[in-house]
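Spelled out from the first residue to the last, the chains are:
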Protein chains: 2
Amino acid sequence: MGVISFARGVPSPDLLPVAELANAAQRALEQDPAGALAYGDGAGYAPLRQWIASRYGDGDAGRVLCTNGSLQGLAFLAEALFAGSGGRAIVEAPTYDRAILILRRFGATVESVDLHADGLDVDAIEAACGAGRVPGLVYTIPNFQNPGGVTLSRAKRERLVALSCAHGFLVLEDDPYGELRFEGTDEPRLFALDEGAGNVIYSTSFTKTVAPGIRTGAMVLPPKLHATIRRLAIDTYIGPTMLSEAIVAEYCAAGNFEPGVVRMRAALLERRDALVAALDRHLGDRAVYAAPAGGYFLWVNLPGVDADAVADAADGAGVPVVKGSTCFIDGRGRDALRLAYSACPAADMDEGVARLAALL
Amino acid sequence: MGVISFARGVPSPDLLPVAELANAAQRALEQDPAGALAYGDGAGYAPLRQWIASRYGDGDAGRVLCTNGSLQGLAFLAEALFAGSGGRAIVEAPTYDRAILILRRFGATVESVDLHADGLDVDAIEAACGAGRVPGLVYTIPNFQNPGGVTLSRAKRERLVALSCAHGFLVLEDDPYGELRFEGTDEPRLFALDEGAGNVIYSTSFTKTVAPGIRTGAMVLPPKLHATIRRLAIDTYIGPTMLSEAIVAEYCAAGNFEPGVVRMRAALLERRDALVAALDRHLGDRAVYAAPAGGYFLWVNLPGVDADAVADAADGAGVPVVKGSTCFIDGRGRDALRLAYSACPAADMDEGVARLAALL
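Residues numbered from 1 in each chain as written. Chains lettered and ligands numbered in written order. Predicted model: local features only at pLDDT ≥ 70, side-chain atom pairs only at ≥ 80, totals over all residues.

1. Some thoughts on the overall build of chain A
Working step 1: Tallying secondary structure elements over chain A gives 13 helices and 12 strands in all.
Working step 2: In terms of overall size, chain A behaves like a compact globule, its C-alpha atoms giving a radius of gyration of 20 Å where 360 residues would be expected to give roughly 21 Å.
Working step 3: Residue pairs at least 24 apart in sequence account for 74% of intrachain contacts in chain A once pairs closer than 6 positions are excluded. (Helix = DSSP H or I, 4+ residues; strand = E, 2+ residues; numbered from the N terminus. Rg over C-alpha atoms; globule rule 2.2 N^0.38 Å. Contact = placed C-beta atoms within 7 Å.)

Shown next, in the form of structure tokens:
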């Protein structure tokens, strides 16, 4: 057997809706060739913005801004908030490694609060605010967190939104995995709890629900920030990839999105179960982990183990993983790994974990 | 008659190769679905990089980096060269307004040298270097310049490349219009004259030759800079829009690129001729202009006229144009306009210019 990758948070090729996207491409170029092939608006393709506004926002397409992947949206937001002026950003520990890099690249001082089984430590944010260290931005992945796999509880969501109102900081609710719950019930979005106060920015992506290569993400923004970031987008690339966005818009308009997500959830659940079974079998008493209720990732603590060294060796053993330490700003996580089960067929899971176990 | 726009450098919808792109989309998703829908490499879709390397580079796809439009490439380059460290960038006067914005945004001190009928003033660059003010980057649009319409002469090309070697500055050869010559013979590319010395970065785009909405540009870079910018790209959006690049790759592989360019050249020539005839008719003795031998733009000097005011009024008169003053860094150009003839059918040209003439 070749490489069994737990490294990348991507769907495996067999999960990609190829035929549906091919049909959507035909319709997009047949029905709106001038729109699909124009520079278009810096905020993205209007029909897609409307679909996103209806599903994730408050119905107002004027608050939606599509970008070439949601990470590009975070880059614009970081530039708008921190470039030149600096400021404080709070992230979860652990968090998405690329978010740390982007926030720092545009001048933010990045601090972290711990992530628990019910999500980020809201007490720590409250304490920071109370001590006069109000952040400019709190960056959270509330559902099936990358890399932790955990979900922010209802009570903490309400407290975080209340804190953002009381102290006037922005919250970026980065939610690429929210559609991918396969157990339990959804918590309300922070954006919804904010009730239009304008402190929460909602970010979504089609990477995990449709395909990475369409590179389409979107933010729902307060009006003033929307204008600022639209200007940054225009001054960076004039408009995002309209052809790709028009294809996604047709895919959604044709009713392909929901069935695609249902397929994705079923595959992810099967893979998660296979991964947990393999971990129980091969690492049972040496590892600490919890089964996520959705999403792409499972976080494994390996007490007393040099997980960085395991990860380095895992590349050579044909089972790449992500070092836990890359997901912290302070050198922690050296005894942890992030395992993405999204790209690994269930049948390969046991062999993959067996290879990892052999390295401990 | 509705709005007749001379403002935007875009092809009109009737020039877009819609059917060819629809067919290319089918093939891309049929033949390489996993590649077209993956994150892929931060430097772009491999088959497209190879096509670009063969046509514009030295055959080495490893030096090609595709971005979501060529302006995004300039943004990465500016960030790589100037962010944090500052430095000096020389542009042409006049030049592409968005280039000025991007260079300044990432920390460059922007200076300009005048543009003449045979291209930028190389003497001025030599004088700056001699005075110890060696730039980090010279930004030039050598063919059918935006907005000036002029082309850099062979002799000046050789001198500019020799200067870049002698003083060790980089030249960005921004060449979105080079394929669109409809008169005369091509000058050698600066990249070719550089003969691998690594001082010239070649930039191309499919916006003006295929369609804006595919948002695909590319740079051919020295190896070290390629690695730096690929890292910036990965840290900004992971990978560019693979689906769009796979469609463009199939479009090119199928032999659609050349016939598309031939069609585009014929349409542009017809439009340029119609514009020049209309200018001769309506503005003959009040305006100074030269017919460009290719590309999208004609530059009009209106001695003694407040062209900024004309441009403001032109919006209301349904004939938007670009103010010449936006294309300078020093307030010049208030008596000039940029007219894009690319999007205006030849039959509308006379009416458009008549509207402009009525505002003088």
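So that's the structure; there's more coming.
2. So, the environment of alanine 277 of chain B
Working step 1: Residue placement: alanine 277 of chain B occurs in helix α11 (residues 257-283).
Working step 2: Linking alanine 277 of chain B and methionine 349 of chain B, residues 72 residues apart in sequence, is a C-alpha distance of 8.9 Å.

3. Re unusual backbone geometry
All names here are of chain A.
Working step 1: Cis geometry is found at the peptide bond from alanine 93 to proline 94, where omega equals 10°.
Working step 2: Its place among the elements puts proline 94 in the loop between β2 (88-93) and α5 (97-105).
Working step 3: A cis amide bond links asparagine 146 to the next residue, proline 147, at an omega of 10°.
Working step 4: Tracing the backbone shows proline 147 in the loop between β5 (137-140) and α7 (154-167).
Working step 5: Unlike most non-glycine residues, isoleucine 238 shows phi in positive territory, near 70°.
Working step 6: Relative to the helices and strands, isoleucine 238 resides in the loop between α9 (223-237) and α10 (242-253).
Working step 7: You can call isoleucine 238 buried: it has 22 C-beta atoms within 10 Å. (Buried ≥ 20, exposed ≤ 12 C-beta atoms within 10 Å, placed from the backbone.)

4. Overview of the sheet that holds strand β10 (residues 297-301) of chain A
All names here are of chain A.
Working step 1: Taking strand neighbours across the sheet as the criterion, the 4 strands line up as β9-β10-β12-β11 in an open arrangement whose pairing is antiparallel. Both edges of this open sheet fall to β9 (288-289) and β11 (322-323), since each of them pairs with a single strand only.
Working step 2: Bridge count between β11 and strand β12 (residues 336-340): 2 bridges; the pairing is antiparallel. Each bridged residue has a counterpart across the sheet, and for valine 322 the counterpart in β12 is arginine 338. (Pairing = 2+ DSSP bridges.)

5. Re the interface of chain B and chain A
Working step 1: Listed per partner, the contact involves 39 residues of chain B and 39 residues of chain A.
Working step 2: Looking at the side of chain B that touches chain A, the elements with two or more residues in it are α1 (18-31), α2 (33-36), α4 (70-82), α5 (97-105), α9 (223-237) and α10 (242-253) of chain B.
Working step 3: Ranked by the residues each element gives to the side of chain B that touches chain A, the list is headed by α1 of chain B, at 6 residues.
Working step 4: A class-by-class count of the residues in the side of chain B that touches chain A yields 26 nonpolar, 9 polar and 4 charged. (Nonpolar A, V, L, I, M, F, W, Y, C, P; charged D, E, K, R; others polar.)

6. Digging into the domain arrangement of chain A
All names here are of chain A.
Working step 1: Here chain A is partitioned into domain 1 (18-253) and domain 2 (258-359).
Working step 2: Of note, the centres of domain 1 and domain 2, computed from C-alpha atoms alone, are 26 Å apart.
Working step 3: Each partner contributes to the interface: domain 1 provides 25 residues, whereas domain 2 provides 25 residues.
Working step 4: Those elements giving two or more residues to the side of domain 1 that touches domain 2 turn out to be α5 and β3 (109-116).
Working step 5: Residues that form the side of domain 1 that touches domain 2 fall into these classes: 11 nonpolar, 9 polar and 5 charged. (Domains from an automatic or database assignment.)

7. A look at the sheet that holds strand β2 (residues 88-93) of chain B
Residue and element names in this part refer to chain B.
Working step 1: Read from one edge of the open sheet, 8 strands run β1-β8-β7-β6-β5-β2-β3-β4, paired in mixed fashion. Two strands in the sheet have a free side with no partner beyond their single neighbour: β1 (64-67) and β4 (119-120).
Working step 2: Note that β2 and strand β5 (residues 137-140) share 3 bridges and pair parallel. The partner of alanine 89 across the bridge, within β5, is leucine 137.

8. Some remarks on the relation of the copies chain B and chain A
Working step 1: Superposition record for chain B on chain A: RMSD 0.0 Å, screw rotation 180°, translation along axis 0.0 Å. The superposition of one copy onto the other is thereby described by a two-fold rotation axis.
Working step 2: Of the residues that chain B buries at the interface, 100% are likewise interface residues in chain A, meaning the two copies contact each other through the same surface. (Least-squares fit on C-alpha atoms with pLDDT ≥ 70 in both.)

9. Looking at the packing of helix α3 (residues 46-56) of chain B against α10 of chain B
Residue and element names in this part refer to chain B.
Working step 1: Relative orientation of the contacting elements α3 and α10 amounts to 50°, with a least axis distance of 8 Å. Here α3 lies oblique to α10, going by the angle between them. Along this stretch, α3 crosses α10, giving a crossing that reads as left-handed. Here Pro47, Leu48 and Trp51 of α3 come into contact with α10, specifically with Glu245, Val248, Ala249, Cys252 and Ala253.
Working step 2: Split by residue class, the contact of α3 with α10 holds 7 nonpolar, no polar and 1 charged. (Axes fitted to C-alpha atoms, helices over the stretch in contact; angles between N-to-C directions. Parallel < 35°, antiparallel > 145°, perpendicular 65-115°, else oblique. Left-handed = near helix turned anticlockwise from the far one by under 90°.)

10. Concerning the pairing of β2 of chain A
Where a strand is regular, its side chains alternate between the two sheet faces.
Residues and elements named next belong to chain A.
Working step 1: Here β2 lies mainly inside the structure; 5 of its 6 residues are buried.
Working step 2: Taken together, the 6 bridges between β2 and β3 define a ladder with parallel strand orientation. Across the sheet, the residue bridging to glutamate 92 is valine 113, located in β3.
Working step 3: What joins β2 to β3 is α5, and the crossover it makes is right-handed. (Right-handed = clockwise from strand over helix to strand, strands pointing away.)

11. As for helix α6 (residues 122-130) of chain B
For an α-helix the count is 3.6 residues per turn, leaving residues at separations of three or four pointing the same way.
Residues and elements named next belong to chain B.
Working step 1: Among the residues of α6, Val122, Ile125 and Ala128 are the ones counted as buried. The buried residues of α6 occupy an angular sector of 120° when the element is viewed end-on, so they sit on one face. Facing away from the buried surface of α6 by more than 90 degrees, the exposed residues are Asp123, Ala127 and Gly130.
Working step 2: In this structure, the buried side of α6 is in contact with β2, β3 (109-116), β4, β5 and α7 (154-167).
Working step 3: Positive backbone phi, at 85°, marks glycine 132, one or two positions downstream of α6. (Arc of directions from axis to C-beta.)

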